[in-house]
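# Examination of the molecular architecture
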Amino acid sequence: MSPHHYHHRNPRALLTPAMHGVLDRMARLGHLPMHALQPEQARAAYTAGAGVLELPVQTLARVEDFSIPARDQFALPVRLYAPSSAVLPVLVYFHGGGFTIGSVATHDGLCRRLSHLAQCAVLSVDYRLAPTHKFPTAHNDAWDAAQWVAHQGGTRGLDVGRMAVGGDSAGGTLAAACAIEARDAGMALALQLLFYPGCAGHQNTESHRKFAQGFVLEEPHITYFFNHYIRTVQDRDDWRFAPLDGKTADGAEVDLTGVAAAWLGLAECDPLVDEGVQYADRLRMAGCRVDLEIYRGVVHEFIKMGRAIPEAAKAHADAARALREAFSA
């Protein structure tokens, strides 16, 4: 099939039958689009729907809520998951939601599954959200949490010598940026686990055009989230917001040499897929070990739709295998 022909195809023809069914059901529900809601309403709507398509809840030996101090002394809520009371390697996890919605609660099912499947501890971080807390608060909270684990995690029975960072969507952005911070700080990370991360400062790739409408994460949502989070247009060009094409304080593209090995799980029918592939390429060019999986015929958020979308369980298993391998290396 020529690229020209492919370009003119109806992108919905790429979807799996199950994915089509989910999107049709969502359309029939006729909820107000998220970008028509106030941030508090959007947060409530996302929370209400978060568990609807999730796989059954995995029980674990340890689930503990506590808080850790951020740099401004804010008590950052976190939830620790572990399959046993043994000293275990740890994944520090940042939820998705465009820096505006989502929470430890909305990603509870996912974190439980990753903990169980990878037989590791997962520390899920409730970083502060926009628009109350604008860029770079989420980044700073994420990095503060990662540093706390590296320095204090032993007090919670974590093997801080075997530590990974991970996240989905905006949480993937936070994890990728934390991996760069960790390299700069000389902190060893076993892996950065990125589910369809946001990587670019400007939404101008082919996939942003092709999947702009009708694929769960729509162009108006992205604009809505980012307008809540960024303070000025200059923030879009900061590497902490855009690890792919963002710049450092001296105006240089951020150097990725020496950052942690990466596993990326992308959705084929996702506005963010192109920038995810481009970020994987940039990491490889910098000499990083990269494992890239593209799940065909599914959309952004698919990893939280395991009851309806078989690719979700596949992605969970693939991510868990990457964690196990990284922790045993």
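This text goes with the structure placed above it.
Residues numbered from 1 in each chain as written. Predicted model: local features only at pLDDT ≥ 70, side-chain atom pairs only at ≥ 80, totals over all residues. Heavy atoms only, no water.

## Things to note about the overall build of the protein chain
On a plain count of helices and strands, the protein chain comes out with ten helices and eight strands. A compact globule built from 329 residues should have a C-alpha radius of gyration of about 20 Å, and the protein chain, at 18 Å, falls within 12% of that. Along the first, second and third principal axes, the C-alpha atoms of the protein chain reach 55 × 50 × 40 Å. Every one of the 329 residues in the protein chain was classed for burial, and the buried ones make up 58%. The contacts of the protein chain with a sequence gap of at least 6 include a subset with a gap of at least 24, amounting to 76%. Counting every atom, the protein chain has about 13,200 Å² of accessible surface; 54% of that belongs to carbon and sulfur. On the protein chain, the mean spot of the 30 positive side-chain charges and the mean spot of the 35 negative ones are 4 Å from each other. (Helix = DSSP H or I, 4+ residues; strand = E, 2+ residues; numbered from the N terminus. Rg over C-alpha atoms; globule rule 2.2 N^0.38 Å. Buried < 20%, exposed > 50% of the residue type's maximum accessible area, 1.4 Å probe, protein only. Contact = heavy atoms within 4.5 Å. Areas by Shrake-Rupley, 256 points an atom, 1.4 Å probe, with all protein chains shown as cover. Lys, Arg positive; Asp, Glu negative; His and termini not counted. Charge placed at Lys NZ, Arg CZ, Asp CG, Glu CD.)

## Some words on the pattern of salt bridges
One pass over the structure, following the stated rule, counts 20 salt bridges. Note that Arg183 is salt-bridged to Asp184, the shortest N-O span being 2.7 Å. Among the residues examined, Arg183 registers a relative accessible area of 22% and is labelled partly exposed. Given the relative accessible area of 52%, Asp184 is considered exposed. Across the pair Asp238 and Arg240 runs a salt bridge whose closest N-O atoms are separated by 2.7 Å. Its relative accessible area of 15% is what places Asp238 among the buried residues. Look at Arg240 and you get partly exposed, because its relative accessible area is 22%. A network of salt bridges, in which partner residues are shared, links Asp65, Arg79, Asp108 and Arg112. (Salt bridge = Lys/Arg side-chain N within 4 Å of Asp/Glu carboxyl O.)

## Some details on the sheet that holds strand 2 (residues 75-82)
Pairing is mixed in the open sheet, where eight strands are placed in the order 1-2-4-3-5-6-7-8. Every other strand in the sheet has two partners, leaving strand 1 (62-69) and strand 8 (290-299) as the edge strands with one partner each. Within this sheet the neighbouring strands show an average axis-to-axis angle of 20 degrees, counted without direction. In this structure, strand 3 (residues 88-94) lies alongside strand 5 (residues 158-168), joined through six bridges in parallel fashion. Bridge pairing links Val90 to Met163 in strand 5. Lying over the sheet, helix 5 (residues 137-152) contacts strand 1, strand 2, strand 3, strand 4 (121-125) and strand 5, oriented at roughly 160 degrees with respect to strand 5. Sheet strands in contact with helix 6 (residues 170-185) are strand 3, strand 5 and strand 6 (191-195), and its direction is about 135 degrees off that of strand 5. (Pairing = 2+ DSSP bridges. Axes fitted to C-alpha atoms, helices over the stretch in contact; angles between N-to-C directions.)

## Thoughts on the nonpolar core
Judged by nonpolar contacts, the single largest core of 73 residues is most densely connected at Phe94, Val125, Met163 and Tyr279. No other element matches helix 6, which puts nine residues into this core. With near-sequence residues (within four places) excluded, Val125 lies in contact with Leu76, Pro77, Val78, Val92, Tyr93, Phe94, His95, Val104 and Ala145. Leu91, Cys120, Tyr196 and Ala326 belong to the second-largest nonpolar core, a separate cluster that totals 44 residues. (Core = buried A, V, L, I, M, F, W, Y, C linked by side-chain atoms within 4.5 Å.)

## Describing the packing of aromatic side chains
Scanning the model with the defined rule gives 13 aromatic pairs in all. Centre to centre, the rings of Phe135 and Phe241 are 6.4 Å apart; their planes meet at 90 degrees, and the pair counts as edge-to-face. With Phe135 in the loop between strand 4 and helix 5 and Phe241 in the loop between helix 8 (219-229) and strand 7 (262-269), this pair connects stretches of sequence that are 106 residues apart. Ring pairing ties together the aromatic residues Phe99, Phe135, Phe226, Tyr229 and Phe241, which thus form one cluster. Above the plane of the ring of Phe66 lies Arg156, whose end atom (NZ or CZ) is 3.6 Å from the centre. (Phe/Tyr/Trp six-rings, centres within 6.5 Å; stacked < 30°, edge-to-face > 60°. Lys NZ or Arg CZ within 6 Å of the ring centre and 35° of its normal.)

## Side note on the side chain of Ser169
Looking at the secondary structure, you find Ser169 in the loop between strand 5 and helix 6. What Ser169 contacts, discounting residues up to four positions off in sequence, is Gly96, Phe195, Tyr196, Pro197, Gly198, Leu272 and His300.

## Looking at the pairing of strand 7
Summarising burial for strand 7: eight of the eight residues are buried, a large majority. Examined bridge by bridge, strand 6 and strand 7 share four bridges and lie parallel to one another. Opposite Phe195, over in strand 7, you have Gly265 as the bridge partner. Pairing between strand 7 and strand 8: seven bridges, direction parallel. Residue pairing for strand 8: Trp263 is matched across the bridge by Asp291.

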